[in-house]
Amino acid sequence: MKPYKNKAAIEEAYGLAQEAYRKFGVDTAGAIRQAMDIPISIHCWQGDDVTGFEGVSGISGGGILATGNYPGRARNGDELRGDAEFAFSLIPGKKRFNLHSFYAETGGLEVSRDALEPEHFKKWLKWSQEKNIPLDFNPSFFSHPLADSGYTLASPDPEIRRFWIRHGMGSRCIAAAMGSNQNSPAVNNIWIPDGSKDIPADRLSPRQRLLEGLDEIFRVSLDPNTIADAVESKLFGIGSEAYVVGSHDFYLGYAATKKIRLCLDMGHFHPTETIADKISGTLLFVPGLLVHFSRGLRWDSDHVAIYSDDQRDLCREIIRHKALPRVNIALDFFDASINRIAAWTIGTRSLRKSLLEALLEPTVLLLEAEKAGKNHERLGLMEEFKTLPFGAVWDKLCLDAETPVGPDWLDSVNDYEEKVLLKR
Ligand code: RNT
Ligand code: ZN
């Protein structure tokens, strides 16, 4: 296909856009630079439908589920890294890569999750250095026989609990090793599926056990230059419709008292509840946030992230409050029914787009109107800003980053699908 737009046309449109934004006092070049500089942690698990390399395929067995069987999923570390690298070439801006513990490469050896060590991630560590892609990490409390009961850290069985506590502790060491291998701490995020399908009689004891389990996991203090601990809440999952032990209230309280990061996932709240408003509400009490950009759709929390009002609102909140130094930006979705590289590309490009748009907002004017009590002006300006020539600035960012402009990336994905994915 012919390129969507040629360079001259992109530059010309950008010149006009630059003028339009300048009238509102906005420096488009500065916004592009800042947007490019925000690291987005891309989740590895979209590449293989949250399967991992332990040899158990399909259903994740605990609160989450990837549906679909589009051909070409990555089956091992080399394929996953290859696919990710290809996706990176289509995505402008700084990137990180987010691993789960079951992406360990043990050379065919069966290593129990509670025995995993940095050593089992040496291929990832090497790749990370070579490609200059920092890593983030997650212990995996699902897709495992000891998660089959639906309870891990909150299990009434002390043996099961101990196993998962060991896994949680070991994972922090792996994350810290990743952090020492790069110039920034690796975020280590704990999410557990624990919950009940139907109405429990005792909502308290599992939470007490989770609290104690987490305390044990966090007992060892590690260098904050290498690891940033986070905990992720959820409202409900598959098989945990009536009750989730690690609810928002639970983790908000936990993160605030223990001074660790709170992870807010866009798909983990009531469908009419969005998380944009939670940024300022929670940052007053926790040291930092990890945001999982995702898209809840009816019962599913993990559809591919898009340039939606929810996403744009969320980015605006982060940018308006200059909260980036305390907010880790990550993606979390998995769709096995479409080309997985396209899923990564759509989700990550949409997020970078929303961040750029937020950086282009003439916020000062809104604040002035608000301060002057002119709320009609505030609303009027918000409406006017919506139709500023944002697309031309986004195209320019993609051009400068030497990534495809407009829908051109689709040609590359189709080509890669034919040459690589369909041969699997
Ligand atoms: C599950 C959580 C969690 C997972 C990943 C795989 O509901 O969102 O973040 O999606 O860890
Ligand atoms: Zn999540």
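Scroll up to find the structure.
Predicted model only: the values in this text are computed from it and were never measured. (Residues numbered from 1 in each chain as written. Chains lettered and ligands numbered in written order. Predicted model: local features only at pLDDT ≥ 70, side-chain atom pairs only at ≥ 80, totals over all residues. Heavy atoms only, no water.)

Points about the coordination of the zinc ion (ligand 2)
Within the protein, the zinc ion (ligand 2) binds to Glu232 (OE), Asp265 (OD), His292 (ND1) and Asp332 (OD); these donor distances fall in the range 2.1 to 2.2 Å. Around the zinc ion (ligand 2) sit six donor atoms, and with donor-metal-donor angles ranging over 68 to 165 degrees the site reads as octahedral. The sequence pattern describing where the donors of the zinc ion (ligand 2) fall on their chain is E-x32-D-x26-H-x39-D. One end of the pair, Asp265, is in strand E8 (residues 261-265); the other, His292, is in strand E9 (residues 289-293), with 27 residues separating them in the sequence. The pair formed by Asp265 and His292 is uniform in burial state, with each residue classed as buried. (Donors = N, O, S within 2.8 Å, 3.2 Å for Na, K, Ca; no water. Tetrahedral: all angles 85-135°; square planar, octahedral: opposite > 155°, others 65-115°. Helix = DSSP H or I, 4+ residues; strand = E, 2+ residues; numbered from the N terminus. Buried < 20%, exposed > 50% of the residue type's maximum accessible area, 1.4 Å probe, protein only.)

A look at the nonpolar core
Residues Phe97, Phe293 and Leu356 are the most contacted members of the largest nonpolar core, which totals 116 residues. Considering every element that reaches this core, the biggest residue donor is helix H10 (residues 340-359), with nine residues. Every residue in contact with Leu356, bar those within four places of it in the chain, is listed here: Ala31, Ile32, Ala35, Phe390, Val393, Trp394 and Leu397. (Core = buried A, V, L, I, M, F, W, Y, C linked by side-chain atoms within 4.5 Å. Contact = heavy atoms within 4.5 Å.)

Some remarks on the packing of aromatic side chains
Under the criterion given, the structure shown has 19 aromatic pairs. Each ring, one from Phe53 and one from Tyr103, has its centre 5.1 Å from the other, and the planes form 80 degrees; the classification is edge-to-face. Of this pair, Phe53 sits in the loop between strand E1 (40-43) and helix H3 (77-88) while Tyr103 sits in the loop between strand E2 (95-100) and helix H4 (122-131), and the two are 50 residues apart along the sequence. Taking relative accessible area as the criterion, Tyr103 reaches 0% and is therefore assigned buried. For the pair Phe141 and Trp164, a centre-to-centre distance of 5.4 Å together with 45 degrees between the ring planes defines the contact as tilted. Highlighted residues: Phe141 in the loop between strand E3 (135-138) and helix H5 (158-180) and Trp164 in helix H5, separated in sequence by 23 residues. Residue classification places Trp164 among the buried residues on the basis of a relative accessible area of 0%. (Phe/Tyr/Trp six-rings, centres within 6.5 Å; stacked < 30°, edge-to-face > 60°.)

Some remarks on helix H11 (residues 363-371)
Buried residues of H11: Thr363, Leu366 and Ala369, and no others. Taken down its axis, H11 places every buried residue within 125 degrees of arc, on the same side. Turned more than 90 degrees away from the buried face of H11, the exposed residues are Val364 and Lys371. Contacts made by the buried residues of H11 are with helix H9 (309-320) and helix H12 (375-385). Positive phi shows up at Gly373, right after H11, with a value of about 75 degrees. (Arc of directions from axis to C-beta.)

Topic: the site of ligand 1
The environment of ligand 1 is made up of Trp45, Ile64, His100, Phe142, Trp191, Glu232, Lys234, Asp265, His268, His292, Asp332 and Phe334. Lys234 places a side-chain nitrogen or oxygen 2.7 Å from an oxygen atom of ligand 1. If ligand 1 stood free it would expose 310 Å²; the protein chains cover 100% of that surface. More than half of the atoms of ligand 1 fall within 2 Å of the grid points belonging to the largest cavity. Partitioning the shell around ligand 1 into residue classes produces five nonpolar, three polar and four charged. (Near = heavy atom within 4 Å. Polar contact = N/O pair within 3.5 Å; in protein donor to acceptor, adjacent residues only side chain to side chain. Areas by Shrake-Rupley, 256 points an atom, 1.4 Å probe, with all protein chains shown as cover. 1 Å grid on protein atoms, 1.4 Å probe; cavity = no way out; pocket = protein on both sides within 12 Å on 5 of 7 lines; lining within 4 Å. Sits in = over half its atoms within 2 Å of the grid points. Nonpolar A, V, L, I, M, F, W, Y, C, P; charged D, E, K, R; others polar.)

Structural notes on the pattern of salt bridges
Enumeration according to the criterion identifies 30 salt bridges in this entry. Glu19 is paired through a salt bridge with Arg22; the nearest N and O atoms lie 2.7 Å apart. You can see Glu19 and its partner Arg22 sitting in helix H1 (residues 7-22), three residues apart, about one turn around the helix. Look at Arg22 and you get partly exposed, because its relative accessible area is 48%. (Salt bridge = Lys/Arg side-chain N within 4 Å of Asp/Glu carboxyl O.)

Section: empty space enclosed by the protein
What the rule picks out here adds up to two cavities of 30 Å³ or more. Taken as a whole, the largest cavity holds about 160 Å³ of empty space. As for the largest cavity, its lining consists of 17 residues, of which Ile64, His100, Trp191, Glu232 and Asp332 are closest to the centre. Across the lining of the largest cavity, the residue classes tally to seven nonpolar, six polar and four charged. (Points joined across faces, edges and corners; volume = space filled by probe spheres on them.)

Looking at the pairing of strand E11 (residues 300-303)
Direction of pairing for strand E10 (residues 295-297) relative to E11: antiparallel, over a ladder of two bridges. Residue pairing for E11: Arg295 is matched across the bridge by His303. Counted between consecutive antiparallel strands, the loop separating E10 from E11 contains two residues, among which Arg298 sits at a positive phi close to 50 degrees. (Pairing = 2+ DSSP bridges.)

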